[in-house]
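Residue-level structural notes
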Amino acid sequence: MASRKTNTQGQPTEGEGSESFENSYKQWSVGHDGKYIPCYKTVPKVPPGVYELKHSNQLGFYIEKQNHISDDILQLPMDEIKEILDDIDKFWKREKVFKKYGYTHKRGILLHGPPGNGKSYLIQLLASYIIKDMKGIVLNLKDYSSVDLYLEFVGPVIREIEKDTPLFVLMEDIDNILEYDRSVLTKILNMLDGIKQIDKVVYIATTNYPEKLQARVSNRPSRFDRRYKISKPNAQVREYYIRHKLNKEDLNKIDLKMWVEKTRGLSISHIKELI
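Note that this is a predicted model, so its numbers are computed, not measured.

As for the overall build of the chain
Summing up its helical and strand segments, the chain has eleven helices and eleven strands in all. Summarising the internal contacts of the chain: among those between residues at least 6 apart in sequence, 66% fall at separations of at least 24. Surface summary for the chain: the accessible area is close to 16,500 Å², and the carbon and sulfur share equals 49%.

Focus on helix α3 (residues 119-133)
Look at α3: 21 Å from first C-alpha to last across 15 residues, which is about the 21 Å you get at 1.5 Å a residue. Most of α3 is tucked away: eleven of the 15 residues are buried. Of the residues making up α3, those classed as buried are Lys119, Tyr121, Leu122, Ile123, Leu125, Leu126, Ala127, Ser128, Tyr129, Ile130 and Ile131. Buried residues along α3 sit in contact with β5 (49-56), α1 (79-93), β7 (106-112), β8 (137-140), β9 (167-171) and β10 (201-207). Just beyond α3, the residue with positive phi is lysine 135, at close to 55 degrees.

Some words on the confidence of the model for the chain
Across the chain, the average pLDDT comes to 83, with 89% of residues at or above 70. Counted against residues more than four places away or in other chains, residues 1-21, with its pLDDT under 50, gives 35 contacts.

Quick notes on the pairing of β9
Counting buried residues along β9, five of its five residues qualify, which places the element largely inside the surrounding structure. Of the two faces of β9, both are covered, the one formed by Leu167, Val169 and Met171 as well as the one formed by Phe168 and Leu170. Direction of pairing for β8 relative to β9: parallel, over a ladder of four bridges. Note that in β9 the partner of isoleucine 137 across the bridge is leucine 167. With helix α4 (residues 144-161) bridging β8 and the parallel β9, this β-α-β connection has right-handed handedness.

Examining the pairing of β5
Counting buried residues in β5 gives six out of eight residues, a clear majority hidden from the surface. Direction of pairing for β5 relative to β8: parallel, over a ladder of four bridges. From the neighbouring strand, tyrosine 51 faces β8, where its bridge partner is leucine 139. Direction of pairing for β5 relative to strand β6 (residues 60-66): antiparallel, over a ladder of seven bridges. When the sheet's bridge partners are listed, glutamate 52 is paired in β6 with glutamate 64.

Some points on the side chain of glutamate 52
Relative to the elements of secondary structure, glutamate 52 occurs in strand β5. A polar atom in the side chain of glutamate 52 sits 3.1 Å from the side chain of lysine 142.

So, the sheet that holds β10
Here we have seven strands laid out as an open sheet, ordered β6-β5-β8-β9-β10-β7-β11, and mixed in their pairing. Of all strands in the sheet, those bounded by a partner on one side alone are β6 and β11 (226-229). Each adjacent strand pair in this sheet contributes to an overall mean axis angle of 25 degrees, direction not counted. Direction of pairing for β9 relative to β10: parallel, over a ladder of five bridges. By the bridge assignment, valine 169 is partnered in β10 with tyrosine 203. The sheet contacts of α3 involve β5, β7, β8, β9 and β10, and relative to β10 the element is tilted by about 165 degrees.

Description of the nonpolar core
In this structure, Leu76, Met78, Ile109, Leu111, Tyr121, Phe168 and Ile204 are the most contacted members of the largest nonpolar core, which totals 38 residues. Counting only elements with at least two residues in this core, the list comes to α1, β7, α3, β9, β10, α8 (235-245), α10 (256-262) and α11 (268-274). Considering each element in turn, this core owes the most residues, nine residues, to α3. Contacts of isoleucine 109, omitting those with residues within four sequence positions, involve Ile84, Ile88, Val202, Tyr203, Ile204, Ala205, Phe224, Arg226 and Tyr228. Val147, Leu192, Ile198 and Tyr203 belong to the second largest nonpolar core, which has 32 residues in total.

Quick look at the side chain of lysine 119
Structurally, lysine 119 is set in helix α3. Summary of buried charges: lysine 119 has no salt-bridge partner, and the nearest side chain of opposite charge, aspartate 173, is 6.7 Å away. Here glycine 113 takes part through its backbone oxygen, which lies 3.0 Å from a polar atom of the side chain of lysine 119. In this structure the side chain of lysine 119 is engaged in a polar contact, spanning 3.1 Å, whose partner is the backbone oxygen of proline 114.

Definitions and limits used
- Residues numbered from 1 in each chain as written.
- Predicted model: local features only at pLDDT ≥ 70, side-chain atom pairs only at ≥ 80, totals over all residues.
- Heavy atoms only, no water.
- Helix = DSSP H or I, 4+ residues; strand = E, 2+ residues; numbered from the N terminus.
- Contact = heavy atoms within 4.5 Å.
- Areas by Shrake-Rupley, 256 points an atom, 1.4 Å probe, with all protein chains shown as cover.
- Expected span 1.5 Å × (residues − 1).
- Buried < 20%, exposed > 50% of the residue type's maximum accessible area, 1.4 Å probe, protein only.
- pLDDT = per-residue confidence, 0-100.
- Pairing = 2+ DSSP bridges.
- Right-handed = clockwise from strand over helix to strand, strands pointing away.
- Polar contact = N/O pair within 3.5 Å; in protein donor to acceptor, adjacent residues only side chain to side chain.
- Axes fitted to C-alpha atoms, helices over the stretch in contact; angles between N-to-C directions.
- Core = buried A, V, L, I, M, F, W, Y, C linked by side-chain atoms within 4.5 Å.
- Lys, Arg positive; Asp, Glu negative; His and termini not counted.
- Salt bridge = Lys/Arg side-chain N within 4 Å of Asp/Glu carboxyl O.

Take a look at the structure:
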């Protein structure tokens, strides 16, 4: 068996010479037909976090943890936040009711509205809730190939291994994903309420252009059960955002009431640029 030099995390690194190499393999992964494959280490459960779906000729399909969640997400006073979080909380608690009536335990949420008004912020907040409060997994389906990998491999495999782990599947700018290839529409429909459904999952998609989505995607309760329009921030949200983004010294230099009034009609992104 080949040996490799490893870093402090047990991952292989480039060695300076064969005499300094250390064996980084920890145990055997059991394959098909009597194959035993050396591996670094195994874990019984994937840690909570945001993951991207990937594929390589050497590894096949796999998921890779990303650092997408900020530690300082503002709790903006948006009505949609409480409504969505309450809905997700009720959804998770009603698994037995879904099973009683023979339904797949899943939820679909579509966020739409003009760009820059907080859809990405809501995604961050929801993902943080899934990870920190529910110890769940967030899968980021960012393109056509990610959808393919999820349908054919990752979704079914996760439910074989992680039978009870809450799963949150994210599709930002779903209209762009759908435009990639005609066949992707059929695949996403199969994922949402067709033959590729899995249990204990919340699908959440965003779009700036809901008019681009076909009605069978955006207007079917069994696919996206909840739709939320994220509009431009009201005065309360604007004041909260400005107050918490400026430090105390800066706040003392400005007329906050005037800033709130002058930013009427601006998006969160515009106010961020102003600050």
